[in-house]
Amino acid sequence: GQSLEQPSEVTAVEGAIVQINCTYQTSGFYGLSWYQQHDGGAPTFLSYNALDGLEETGRFSSFLSRSDSYGYLLLQELQMKDSASYFCAVGRGSTLGRLYFGRGTQLTVWP
Amino acid sequence: EAQVTQNPRYLITVTGKKLTVTCSQNMNHEYMSWYRQDPGLGLRQIYYSMNVEVTDKGDVPEGYKVSRKEKRNFPLILESPSPNQTSLYFCASSGSGIGETQYFGPGTRLLVL
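Remember, predicted model here, so these are calculated numbers, not experimental data. (Residues numbered from 1 in each chain as written. Chains lettered and ligands numbered in written order. Predicted model: local features only at pLDDT ≥ 70, side-chain atom pairs only at ≥ 80, totals over all residues. Heavy atoms only, no water.)

Visitor: Can you help me understand the environment of Asn84 of chain B in this one?
Guide: All names here are of chain B. As for its position among the elements, Asn84 is in the loop between strand E8 (76–78) and strand E9 (87–94). Take Asn84: its relative accessible area is 57%, and that puts it in the exposed class. With 21 residues separating them along the chain, Asn84 and Gly63 place their C-alpha atoms 10.0 Å apart. (Helix = DSSP H or I, 4+ residues; strand = E, 2+ residues; numbered from the N terminus. Buried < 20%, exposed > 50% of the residue type's maximum accessible area, 1.4 Å probe, protein only.)

Visitor: So what exactly am I meant to see when it comes to the pairing of strand E1 (residues 4–7) of chain B here?
Guide: A regular strand places its side chains on the two faces of the sheet in alternate fashion. Residue and element names in this part refer to chain B. Here E1 shows a clear split, with Val4 and Gln6 buried on one side and none of Thr5 and Asn7 buried on the other. Taken together, the 4 bridges between E1 and strand E3 (residues 19–25) define a ladder with antiparallel strand orientation. Directly across from Thr5, in E3, lies its bridge partner Ser24. (Pairing = 2+ DSSP bridges.)

Visitor: Looking at this structure, I do not really get the side chain of Arg36 of chain B. What am I missing?
Guide: All names here are of chain B. Inspection of the secondary structure puts Arg36 in strand E4 (residues 31–38). Residue classification places Arg36 among the buried residues on the basis of a relative accessible area of 8%. Separated by 2.9 Å, the side chains of Arg36 and Asp38 make a polar contact. A polar contact of 2.9 Å, which involves the side chain of Arg36, links it to the side chain of Tyr64. What Arg36 contacts, discounting residues up to four positions off in sequence, is Gly42, Leu43, Arg44, Ile46, Val60, Tyr64, Asn84, Gln85, Thr86, Ser87, Leu88 and Tyr89. (Polar contact = N/O pair within 3.5 Å; in protein donor to acceptor, adjacent residues only side chain to side chain. Contact = heavy atoms within 4.5 Å.)

Visitor: How do you make sense of the interface of chain A and chain B when you look at a structure like this?
Guide: A common measure of how large an interface is: the accessible area buried when the components associate. Counting from both sides, the interface comprises 22 residues of chain A and, opposite them, 24 residues of chain B. Buried area between chain A and chain B, summed over both chains or domains, comes out near 1,800 Å², and the portion from carbon and sulfur atoms is 58%. Inspection of the region where chain A meets chain B yields 2 salt bridges. Measuring nitrogen to oxygen at the nearest pair gives 2.6 Å for the salt bridge that ties Asp59 of chain B to Arg92 of chain A. Those elements that place two or more of their residues in the side of chain A that touches chain B are strand E4 (29–37), strand E5 (44–49), strand E9 (84–92) and strand E10 (98–101) of chain A. Here the residues of the side of chain A that touches chain B are counted per class, giving 11 nonpolar, 8 polar and 3 charged. (Buried area = accessible area lost by both parts, 1.4 Å probe. Salt bridge = Lys/Arg side-chain N within 4 Å of Asp/Glu carboxyl O. Nonpolar A, V, L, I, M, F, W, Y, C, P; charged D, E, K, R; others polar.)

Visitor: Help me understand the pairing of strand E3 (residues 18–25) of chain A, please; the structure alone is not making it clear to me.
Guide: All names here are of chain A. Because side chains alternate across E3, one face comprises the buried residues Val18, Ile20, Cys22 and Tyr24, and the other comprises Gln19, Asn21, Thr23 and Gln25, none of which is buried. Bridge count between strand E1 (residues 3–5) and E3: 3 bridges; the pairing is antiparallel. Paired with Glu5 across the two strands is Thr23, which belongs to E3. Note that E3 and strand E8 (residues 70–75) share 6 bridges and pair antiparallel. Each bridged residue has a counterpart across the sheet, and for Cys22 the counterpart in E8 is Gly71.

Visitor: Sorry, what's going on with the packing of aromatic side chains here?
Guide: Each aromatic ring pair is characterised by the separation of its centres together with the angle its planes make. The full count for this structure, using the stated rule, is 13 aromatic pairs over all chains. Plain terms: the ring middles of Tyr35 of chain A and Phe104 of chain B are 5.7 Å apart, the flat faces sit at 85 degrees to each other, and that makes the pair edge-to-face. Here Phe104 of chain B lies in strand E10 (residues 103–104) and Tyr35 of chain A lies in strand E4, a pairing that spans two chains. Pair check on accessibility: Tyr35 of chain A and Phe104 of chain B agree, each one buried. Arranged with centres 5.5 Å apart and planes meeting at 85 degrees, the rings of Phe101 of chain A and Tyr35 of chain B form a pair that is edge-to-face. Of the two residues, Phe101 of chain A is situated in strand E10 and Tyr35 of chain B in strand E4; the pairing between them involves two chains. As far as the burial class goes, Phe101 of chain A and Tyr35 of chain B line up, both buried. (Phe/Tyr/Trp six-rings, centres within 6.5 Å; stacked < 30°, edge-to-face > 60°.)

This is a description of form; function is not addressed.
What follows is the structure, encoded as structure tokens:
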């Protein structure tokens, strides 16, 4: 089977840095994605890591260590609008089609 | 405007009454996928399609059917809906697979009585 573990809740203040960890156990792994979802909205793609290392996109960075089956999403210079749910998801299988999501981390940013 | 559209956005139906949720994208994407989202469970993939006439099961395909006769459309069919299919459904598309930006539709809230 497969499993994805991420914290259920994280809180931080504006301007701070927060890291959301994701550990996975799955067969046929080929990449880790991150998505953001605001209450009542649709998920929004943030990043995809197929190789080990850090990918940076503006205030958000994503990291993957395939040997440790571990990744994280790093959010810097937090803003109130970053309050949302964040999901990690693993791509797996023989095609680039299967995607398995974690249960999500609710991030609350306080002023 | 590049977008994924779903219809209907809200639907209340009764057990056993066949329904179809449509999904359409205007970005010429090859990859399309359906997910359901339930409280505390995150998103779970129902079916996906790598291209026209190519579909495959996700993690929770039971009770659902899909078809991909045209590149832009990927309807989700519930032949005999049951209350455990009450959920929020999202359609998504990307250029060629899950390694690229995946664009989600606005969601369809389904209640099966």
